[in-house]
Structures are given as C-alpha cells and as structure tokens.
Amino acid sequence: GAGVSQTPSNKVTEKGKYVELRCDPISGHTALYWYRQSLGQGPEFLIYFQGTGAADDSGLPNDRFFAVRPEGSVSTLKIQRTERGDSAVYLCASRSTPASGEQFFGPGTRLTVL
Amino acid sequence: AQSVTQLDSQVPVFEEAPVELRCNYSSSVSVYLFWYVQYPNQGLQLLLKYLSGSTLVKGINGFEAEFNKSQTSFHLRKPSVHISDTAEYFCAVSSRLRDYKLSFGAGTTVTVRA
C-alpha cells in the first residue's frame, strides 16, 4: 500500500487479557517506530526498530509490553495482562533510510481495556 | 535529552483571523523540527518540517513556521484560518543522534469559530 497501515483500528479487551497490534510500514522503509498517545496528550515513544532488531526499547513502560519485527517489515506490538491504564491510541510510523528525518504515521489502533 | 513545550493548550480564534501556536524545544544536539495536525478521530498528518536550510518553512494548508535557534523556538503561523483548521496541533523534535525518535509537545487545541 501507499502508506502505513495498522490493524485493528479499534480493539476492546478486558483487563488481564493479551492483545496484539499490527503495523505494516511503507514498503522499503527499514526504520519503524511505535508510539502511544493517551487521551489529551502528545504521542510518547515506545520502541524503535532498524531492520529486524529493536535498536531502542527504552520507551516501553514495563515488561508486559513487547514488540517484534521478524522479517524487517511488519511489526507486532504485544501487551500481556492488559490494565486499564494501557488504554490509548497506539501509533506506528516508518522512515526511509538514508535518513530523511521524516516519519510517516499510520492511523493508529485505539485500545480500550475494560 | 530532548523535550518540547507548547505554550498554549487551547487557542480559540475567529474565522479569517491569524493564528500563532508557540513551541519551544530543548536539546543538547542539532535537531529537526516538525508540526503535525490531528483532526478529530484521525491520525497524525505532517504540516511542515525543518531539517536544514532556510529558517522559514512553508507547509500545507497555508501554514508556515520559523526556526529560531537562539530562542530555541519553532512557532507555527497562519495568516487567515478556516473552520476546517479546527484540530489538535503537535510540535515535535528529533535528532539524527537519537535515531530520529520524535519527542512531542502536549498539543494545542485550535478551535475556529465563525
């Protein structure tokens, strides 16, 4: 596709459940980022992939959060034992390299934990 | 570390009036600067970016911003707003030395009234 896609667009789950959020970046973009946007706030960095490896996961809030990108394209953000505080919009962005500096964002996945 | 402060959380403005959204950043290294817009229930859309060169940057929808290194500011302006400019606006900073991770401000809500 032409842009970054994310699925599902909305996810409602119950406290304690496991969820997976998918990001499909722009074809050829080797850099991929996950951000989290809580209500009324700006997005906050979670994790950055360069190719298949997580180059920087310093933004992950705790060990319930994990992300993979096994083939250097699609990425999955995984949240175990979800809590109500995990409710937010999860945004994915990709960037081409050599560095252009600009990230292209997907539409986000709105996660609601009941 | 890098951070962004958006000095106004809400800006009400009348249609066809000018608007300025203020953004200050903090960083110990050379930065790239961005303004994103988020319409209700939509994803982030890039308005404009400063990577290098001219400090006056023109973006989409008639917006422009000026990079001021001495004042560490990147204020966004539009000379005449439309109802359709009602949205949330985010200022963000990144750096090559920090893998282009974006740090966002808290956002400014612009409400345009007839």
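The structure this text deals with has already been given above.
Right, let's walk through the structure included here.

**Some remarks on the interface of chain A and chain B**
For an interface, size is often stated in terms of accessible area lost upon the parts coming together.
Turning to step 1, where the next piece is worked out: Chain A puts 22 residues into the contact, and the matching count from chain B is 19 residues.
Turning to step 2, where the next piece is worked out: Carbon and sulfur atoms supply 55% of the area buried between chain A and chain B, which totals about 1500 Å² over both sides.
Turning to step 3, where the next piece is worked out: Per-residue buried area on chain A facing chain B is highest for P43, E102 and F105 of chain A; these three make up 28% of the total on that side.
Turning to step 4, where the next piece is worked out: Put simply, chain A and chain B have two salt bridges between them.
Turning to step 5, where the next piece is worked out: Notably, a salt bridge pairs E102 of chain A with K49 of chain B, separated by 2.5 Å at the nearest N-O pair.
Turning to step 6, where the next piece is worked out: At the junction of chain A with chain B, the criterion picks out seven residue pairs in polar contact (both at pLDDT 80 or more).
Turning to step 7, where the next piece is worked out: Among the secondary structure elements, those contributing two or more residues to the side of chain A that touches chain B are β4 (31-37), β5 (44-50) and β9 (88-95) of chain A.
Turning to step 8, where the next piece is worked out: Tallying contributions element by element places β4 of chain A first for the side of chain A that touches chain B, with three residues.
Turning to step 9, where the next piece is worked out: For the side of chain A that touches chain B, a count of residues per class yields nine nonpolar, nine polar and four charged.

**Things to note about the nonpolar core**
Turning to step 1, where the next piece is worked out: In this structure, W35, L48, L76 and Y89 of chain B are the most contacted members of the largest nonpolar core, which totals 28 residues.
Turning to step 2, where the next piece is worked out: Once residues lying within four places of it in the same chain are set aside, the contact partners of Y89 of chain B are Q6, L21, W35, Y36, V37, L47, F63, L76, G107, T108 and V110 of chain B.
Turning to step 3, where the next piece is worked out: Counting residues in hydrophobic clusters, the runner-up holds 20 residues, among them V4, V19, L77 and A88 of chain A.

**Observations regarding the pairing of β5 of chain A**
Residues and elements named next belong to chain A.
Turning to step 1, where the next piece is worked out: Taken across its seven residues, β5 has five buried, putting it largely inside the fold.
Turning to step 2, where the next piece is worked out: The pairing of β4 with β5 spans six bridges and is classified as antiparallel. Residue pairing in the sheet places W34 in a bridge with I47 of β5.
Turning to step 3, where the next piece is worked out: Hairpin remark: β4 followed by β5, antiparallel, with six residues in the connecting loop; positive phi at G40, about 80 degrees.

**Description of the sheet that holds strand β3 (residues 19-24) of chain A**
All names here are of chain A.
Turning to step 1, where the next piece is worked out: Across the sheet, which stays open at both edges, the four strands sit in the order β1-β3-β8-β7 with antiparallel pairing between neighbours. The sheet is open, and its two edges are formed by β1 (5-7) and β7 (65-68), each paired on a single side. Each adjacent strand pair in this sheet contributes to an overall mean axis angle of 15 degrees, direction not counted.
Turning to step 2, where the next piece is worked out: Here three bridges tie β1 to β3, and the two strands are oriented antiparallel to one another. Along β3, the bridge assignment pairs T7 with R22.

**Let's talk about the packing of aromatic side chains**
Turning to step 1, where the next piece is worked out: All told, the structure shown has 14 aromatic pairs over all chains when counted by the stated rule.
Turning to step 2, where the next piece is worked out: Consider the rings of F105 of chain A and Y36 of chain B, whose centres lie 5.4 Å apart with planes at 85 degrees: the pair is edge-to-face. Pair noted here: F105 of chain A is in strand β10 (residues 104-105) and Y36 of chain B is in strand β5 (residues 32-38), and the two residues belong to different chains.
Turning to step 3, where the next piece is worked out: Following the ring pairs from residue to residue traces out a cluster consisting of Y33, Y35, F45, Y48 and F105 of chain A together with F34, Y36, F90 and F104 of chain B.

Calculation rules
- Residues numbered from 1 in each chain as written.
- Chains lettered and ligands numbered in written order.
- Predicted model: local features only at pLDDT ≥ 70, side-chain atom pairs only at ≥ 80, totals over all residues.
- Heavy atoms only, no water.
- Contact = heavy atoms within 4.5 Å.
- Buried area = accessible area lost by both parts, 1.4 Å probe.
- Salt bridge = Lys/Arg side-chain N within 4 Å of Asp/Glu carboxyl O.
- Polar contact = N/O pair within 3.5 Å; in protein donor to acceptor, adjacent residues only side chain to side chain.
- Helix = DSSP H or I, 4+ residues; strand = E, 2+ residues; numbered from the N terminus.
- Nonpolar A, V, L, I, M, F, W, Y, C, P; charged D, E, K, R; others polar.
- Core = buried A, V, L, I, M, F, W, Y, C linked by side-chain atoms within 4.5 Å.
- Buried < 20%, exposed > 50% of the residue type's maximum accessible area, 1.4 Å probe, protein only.
- Pairing = 2+ DSSP bridges.
- Axes fitted to C-alpha atoms, helices over the stretch in contact; angles between N-to-C directions.
- Phe/Tyr/Trp six-rings, centres within 6.5 Å; stacked < 30°, edge-to-face > 60°.

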